[in-house]
Amino acid sequence: MSELTKVFEHAKIDPKWYAYWERVGAFRADPSSGRPPFSMVLPPPNVTGWLHIGHALNQTLPDVVARWKRMQGCDVLWLPGTDHAGIATQNVVEKQLAEEGRTRHELGREAFEARVWKWVEESHGTITSQMRKLGSSVDWSRERFTLDASLSRAVRRVFVSLHDEGLIYRGTYLVSWCPRCRTALSDLEVDHRDTAGKLYQLRYPLHGGEGAVVVATTRPETMLGDTGVAVHPDDDRYRELVGRRVVLPVIGRELPVIADAFVDPAFGTGAVKVTPAHDPNDFEIGQRHGLPQVSVIDEDGRMTGEAGPYAGRDRFAARADLVAELDAAGLLVGVADHVHAVGHCQRCGTVVEPLLSTQWFVRIEPLAERALEVVHRGRTTFVPENWTRTYEEWMTNIHDWCISRQLWWGHRIPAWYCDACDAVLVAEEAPAACTCGGAVRQDKDVLDTWFSSGLWPFSTMGWPDATDDLARYYPTSLLITAHDIIFFWVARMMMLGVKFAGNVPFETVYITSLVRDAHGQKMSKSKGNVVDPLELIGEIGADAFRFTLAALASPGMDISLSEGRLRGYRQFVNKIWNASRFVLMNLPPALQTRPDVPPAGDLDLIHRWILHRTGELSGELQAALEGFRFDVAADRLYHFFWHEYADWYIELVKPRLQGDAAERDTAVAVLLEAHDRILRMLHPFMPFVTEEIWQALPQRPGDGRAPNGTDCTVSLAQFPAPVAAWRDEPAVSAMTLLQEVVTTVRTVRSEWGVPPSRPVTALVEGAPAEVRELLGAQGGHVRHLAGLSSLEFADTVARSPDTVRRVVRDFQLHIPLAGIVDRKQETDRVRRSLAKLSGQRKGLQARLAKPAFVERADPEVVRDAREQEQVLAQRQAKLEQILQELGG
RNA sequence: AGGCGCGUAGCUCAGUUGGUUAGAGCGCCUGCUUGACAUGCAGGAGGUCGGCGGUUCAAGUCCGCCCGUGCCUACCA
């Protein structure tokens, strides 16, 4: 037990407890424990990355779950790790080199890889220490990296296996190519941005005769690679031309005019130039009609030798010059502004070039089918469930996955080529030589980063070996991740998990929203509205930050990181802190262990009430968390702690703590019980401040015992469950009545500007016996909270113009305020409440007067309405009487 | 072009299976140095729930259309 400082210094306290948790093994999974397992994998951040706001959310929410499950007695595995992030990391290191005026090619592959490893080792600590600052309760003893030897072995195993099954193939196809990164990309790595461009109409003269065909294109430079012109088969304008030939300007190549249903007769001129080597559609048209493929743009984005006079020029320079040349030759028929989607490299923003290239692909359909099926069978559930649609859409319209990258940083493709016999050997380990005896050399390329991330849920647990972890923790219970990587990551894990680990990777996938700025704008560096979670943690502490994220995490809504909410929850932490200081400073000095709470039947109203409400809160939290309603859980905790526990219970218990020994001991016992339970319930959301306070409170021996057998932590203390013996609805209705009386008096004080220093008295007129009894017994509480010097009862109270009268339920409160009350103001006030009330009553009466309502509505609803109408009638009569006696 | 959202108080958001005249935080107004907390306490003002129509005894909640707004997927040159 120790004193709490005047203010909560998160910067000092947070790191202390994180180190403590690690030291006592609080987050370590234990497969040998008899406890029910609960498992998650952490979406591995980029090993050289920096914790951004998205990570913060996608670690806070699972951390809430992990801590909650741990406190419920589960054996929780939350497995952390980092991703080598192939293209992203390589780009960063290349930039570093560029600043030194060097390129990776000057360094050579080996030296470059060594350089990246060095950078990885340097910066790995950044992201992991940032996770600790946030409080993520991951099992660091099981941390993995996608390039670990064991994970690399899993990658090779999967590659070879898919290849042997014919699900990985190598071939020359049109792929998206980034001329700056100099690598092929998958479809997903291409961002389509609407771009203002031009639609050019070009005239291709007919071969051997007069006339011409006018084609439309947004990319005139690709005409140099045209090998045909296509029109729609039913297009009467061109029917005669099909089968004839046109002459390609500049190059002079003769191109057949072909008919293909792909062409939209309504677009442009209805005639399309066909460039099979630089356009995905044209590639397919070319295949259908056996057109040659002429590559005119190379891997650097320059025109090739096939581009005639433009060979060696940059593709965009060539476009401009070519348009000028065609214009001069009278072959440019028209130019119009045209907005169209242009593919950009997701990593560097360069305009992507579709070009022919030999790459490795995954034949995706058979994998997608099974991944779709397991979701349909309910093996994996998406939350919110509408993400199932998104998943299905993509899985059913999926294209083969280009997995080879012309990079140096990543898993080297396990394929070897024989120079002697052209054989391709795919194997987990390097073959010594080809079967023909010839020397072999390994494929130079590496795999798409997402290929290894796709194995994450099982490769991290030791697959392909049959490990204990795998048996116990796979499939994982839950994945929490953002929607922007459903395709990149979730879908691939589903496909590969089902295929290789023999089961779905997760039972539930909870998809979080994007975190935006205070006004719902997407955060971006160019807008300058990026919020750094670490700065926020520095300012308001991890607890307040986490609580804000949880409170704002309503399913299906993007999160606007509102400053008001952040500030509000920082103040909540302060409130918790100060309430805890109050509790601690009111404990008897000798108290070492926590006293037991007396049986509820022996307790006074306020104690029974808070115990009942604390128990109810447990149930509400349980339900909210089971349904992933982090926002609801946070809201309940906030409201309960501040506006029930602190505003009412603590205020009510204050005099008891000054009372006689028996009264004080009971108050201490209940106060500690309630406080302890609330701290436990808050802990998953606010791990640091709750641990600091919990450690300072007297505990029962053994509560929250850590695996090391000596230390204790709230993170392993039992999460409160509802207590049947504490259920006490009558206590709630009694408290509600007290609160109504207190609030009524306070409102009167406020209305008439009666300062707290000035005592007032109150007389209760016409209260039924049970109310009288209750208010009599609890009169001390009411007087204390309402600032009354006396509270008395009477059947009738003499009318006085100096007395304010208020109706509470079916009785009246008389508060004499001689010299303060203005009769006219008071009359207006009563008149206003009367107007409001009679409006309410009229609505009810109208409803009850309708036979349809009485006949068709739920009898209970009708009964409630009748009762309510009676209550309002009584109140109305009393108010009318008051008004009359005021002379209004 | 398809798919998925969103539109409730000045701002950021809740509102469970339809059921009294809709809630929270911040902001705003009034009064308070009430020994845990001015990062606080007490009280208060503020919304025809984007619009129109429909279903129903009853609609913020269900259905249709419209308007506004955001995101994702997509090979229209």
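Scroll up a little and you will see the structure.
A few points on the structure. (Residues numbered from 1 in each chain as written. Chains lettered and ligands numbered in written order. Predicted model: local features only at pLDDT ≥ 70, side-chain atom pairs only at ≥ 80, totals over all residues. Heavy atoms only, no water.)

1. Things to note about the protein's contact with RNA strand B
How we decide: Here, proximity means that at least one heavy atom of the residue falls within 4 Å of the molecule or strand. N or O atoms closer than or at 3.5 Å make up a polar contact, with two conditions inside protein: a donor-capable atom paired with an acceptor-capable one, and, for residues adjacent in sequence, both atoms drawn from side chains. Starting at the N terminus, helices and strands are each numbered in turn, a helix being any DSSP run of H or I of at least four residues and a strand any DSSP run of E of at least two. Throughout, the ten residues Ala, Val, Leu, Ile, Met, Phe, Trp, Tyr, Cys and Pro are labelled nonpolar, Asp, Glu, Lys and Arg are labelled charged, and all others, Gly among them, are labelled polar.
Of all residues adjacent to RNA strand B, which total 63 residues, the nearest are N281, S560, G839, Q840 and R856. Taking the atoms of RNA strand B that fall within 4 Å of the protein, sugar and phosphate contribute 64% of them. Contact between RNA strand B and S750: a sugar or linking oxygen at 3.0 Å from a side-chain N or O atom of the residue. Among the elements of the structure, strand 8 (212-217), strand 13 (332-345), helix 17 (563-585), helix 19 (630-657), helix 22 (729-751), helix 25 (823-849), helix 26 (851-856) and helix 27 (859-886) are those that each provide at least two residues to the surface near RNA strand B. Among the elements that line the surface near RNA strand B, the one with the most residues is helix 17, at 12 residues. The class makeup of the residues in the surface near RNA strand B is 20 nonpolar, 24 polar and 19 charged.

2. Section: the pattern of salt bridges
Quick reminder of the rule: For this document, the term salt bridge refers to a Lys or Arg side-chain nitrogen within 4 Å of an Asp or Glu carboxyl oxygen.
The final tally for this structure, using the stated rule, is 65 salt bridges. As a salt-bridge pair, E765 and R799 come within 2.8 Å of each other at their nearest N and O atoms. Of the two residues, E765 sits in strand 26 (residues 760-765) while R799 sits in the loop between strand 27 (788-794) and strand 28 (803-808), which places them 34 residues apart along the sequence. Through salt bridges that share partners, R594, D596, E673, D676, R677, R680, R700 and D703 make up one connected network.

3. Some remarks on the sheet that holds strand 29 (residues 811-816)
To keep things clear, this is the line we draw: Any two strands with at least two DSSP-identified bridges between them are counted as paired. The axes used here are C-alpha line fits, helices contributing only the stretch in contact, and every angle between their N-to-C directions lies in the interval 0 to 180 degrees.
Taken together, the 4 strands give an open sheet; going across it, the order is 27-26-29-28, and neighbouring strands pair in mixed fashion. At either margin of the open sheet sits one strand with a lone partner, and together these are strand 27 and strand 28. For this sheet the average axis-to-axis angle between neighbouring strands, irrespective of direction, equals 20°. Pairing of strand 26 with strand 27, which is carried by 6 bridges, proceeds in the parallel orientation. When the sheet's bridge partners are listed, V764 is paired in strand 27 with F793.

4. Regarding the pairing of strand 9 (residues 228-231)
The line we're drawing: Categorising residues by exposure relies on relative accessible area from a 1.4 Å probe, with only protein chains included: less than 20% of the type maximum marks a residue as buried, more than 50% marks it as exposed, and the intermediate range marks it as partly exposed.
The alternating pattern of strand 9 places G228 and A230 and V229 and V231 on opposite faces, both of which are buried. Judged from the 4 bridges that link them, strand 9 and strand 12 (residues 271-274) form a sheet pairing that is antiparallel. By the bridge assignment, V231 is partnered in strand 12 with A271.

5. Details of the sheet that holds strand 23 (residues 506-512)
What the 3 strands build is an open sheet, ordered 15-23-22; its pairing is parallel. What marks the edges here is a single partner per strand, and that holds for strand 15 (381-383) and strand 22 (476-482). Looking at each pair of strands side by side, their axes are set apart by 20° on average, direction ignored.

6. Some thoughts on unusual backbone geometry
The step from V383 to P384 runs through a cis peptide bond, and the omega angle for that step is -10°. Tracing the chain through its elements places P384 in the loop between strand 15 and helix 10 (387-396). The omega torsion across Y474 and P475 is 0°, close enough to zero to call that bond cis. The topology assignment puts P475 in the loop between helix 13 (468-473) and strand 22. A positive phi angle is found at A85, which is not glycine, with a value near 50°. Mapped onto the elements, A85 comes out in the loop between strand 3 (81-82) and helix 3 (86-99). A positive phi is found at D422, a non-glycine position, where the angle reads about 65°. Its relative accessible area of 66% is what places D422 among the exposed residues.

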